[in-house]
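Close look at the chain arrangement
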Amino acid sequence: MDLATGVGLLGGVGVVFTLIMIDGGNFAAYFDKHAVIVIFGGSVMATIIRFPFATIAHGLPMGLRYAFTMRAVRPHDLIEEITTIAEVVRKSGPMALENVEISDPFLAQGARYVADGYDREFIRDTMERDRDNFLMHLDEGSKIYRAFGDCAPAWGMIGTILGMVTMFANMSDPSKLGPAMATALLATLYGALIANLVALPIADKLHVKLEEEDVSRSLIIDGILMIRDQRSPTLVREMLVAYLPHHHRGSFEEAAA
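Residues numbered from 1 in each chain as written. Predicted model: local features only at pLDDT ≥ 70, side-chain atom pairs only at ≥ 80, totals over all residues. Heavy atoms only, no water.

Overview of the overall build of the protein
Across its full length, the protein carries nine helices and zero strands. Going from the N terminus to the C terminus, the protein shows its helices and strands as α-α-α-α-α-α-α-α-α. Expressed as lengths along the three principal axes of its C-alpha atoms, the size of the protein is roughly 90 × 40 × 30 Å. The contacts in the protein between residues at least 6 apart in sequence include a share of 77% that link residues at least 24 apart. Split by element, the accessible area of the protein, about 14100 Å² in all, is 64% carbon and sulfur. (Helix = DSSP H or I, 4+ residues; strand = E, 2+ residues; numbered from the N terminus. Contact = heavy atoms within 4.5 Å. Areas by Shrake-Rupley, 256 points an atom, 1.4 Å probe, with all protein chains shown as cover.)

Regarding the packing of helix H6 (residues 120-169) against helix H7 (residues 177-228)
Relative orientation of the contacting elements H6 and H7 amounts to 170°, with a least axis distance of 7 Å. Our classification of the angle between H6 and H7 gives roughly antiparallel. The residue makeup of the contact of H6 with H7, split by class, is 28 nonpolar, 13 polar and 13 charged. (Axes fitted to C-alpha atoms, helices over the stretch in contact; angles between N-to-C directions. Parallel < 35°, antiparallel > 145°, perpendicular 65-115°, else oblique. Nonpolar A, V, L, I, M, F, W, Y, C, P; charged D, E, K, R; others polar.)

Comments concerning the UniProt feature "transmembrane region" (unreviewed entry) in the protein
Annotation from UniProt places "transmembrane region" (unreviewed entry) at residues 7-31, 37-60, 152-171 and 177-200. Structurally, residues 7-31 is divided into 64% helix and 0% strand, and its ends, taken at the C-alpha atoms, are 24 Å apart. Across residues 177-200, the secondary structure splits into 100% helix and 0% strand, with the terminal C-alpha atoms separated by 33 Å. (UniProt positions renumbered as here; feature names shortened; annotations may be inferred.)

Considering the UniProt feature "domain: MotA/TolQ/ExbB proton channel" (unreviewed entry) in the protein
According to UniProt, the feature "domain: MotA/TolQ/ExbB proton channel" (unreviewed entry) maps to residues 101-213 in the numbering used here. Along residues 101-213 the backbone is 87% helical and 0% strand, and the end-to-end C-alpha distance reaches 21 Å.

What about the side chain of Asp32?
Structurally, Asp32 is set in the loop between helix H1 (3-22) and helix H2 (33-50). Of the side chains with opposite charge, Lys33 comes closest to the buried, unpaired Asp32, at an N-O distance of 6.2 Å. Here the side chain of Asp32 touches His34 through a polar contact of 3.1 Å, landing on its backbone nitrogen. Setting aside residues up to four positions removed in sequence, Asp32 forms contacts with Pro179, Ala182, Thr183, Leu186 and Tyr190. (Buried < 20%, exposed > 50% of the residue type's maximum accessible area, 1.4 Å probe, protein only. Lys, Arg positive; Asp, Glu negative; His and termini not counted. Salt bridge = Lys/Arg side-chain N within 4 Å of Asp/Glu carboxyl O. Polar contact = N/O pair within 3.5 Å; in protein donor to acceptor, adjacent residues only side chain to side chain.)

Quick look at the structure:
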């Protein structure tokens, strides 16, 4: 579970609730069905226009899932595990990998290819294709949420304009001014909240996750290929440390020394 996403969303909602409570706690005054229809209906339809149905059906749930989940294995831990696998192969041969329990599914897939004796080019092409397809779908999710975040404030302005038109068209009837003004103001509020508290932050989080997965999966591919070539565990570790930022390389440098 990615606590930052959950804490951020709950904290943002808590801020809004707290402000409403300070102003008297009249939550009913902050709900307007016309504004809800304008924001959610308009934003969803505009987003559907931008993307094929297949992209939305796959990218929307995948993006939401990865926005709230955190990769269990860090690059630092991956390097340690890959080094251990390299030691097993060097001592007992590739077939010994069939009895090794590997936590990361992508790394386990690569180890299975090595154990089954697939050639180097097959392993590289297959794993790079899997990596690229996964990153593509994750990027689709990010683009969908960003598109929704771009649409919501614009539809908030449309709702505001519609409310203003209704208000000015009924200036002679004071009973209709209040609902029209509520629609105008709440549409802008809903659009700003949806975009800046939900859609755009999730899009940015997915982009960060995409970069993390790109590094981790590229690291795994390079490690598996070196294991396939039966490189020494020390060399495997030294080559993969290059994926780490400089301030995270200290423990490996101490171990090498």
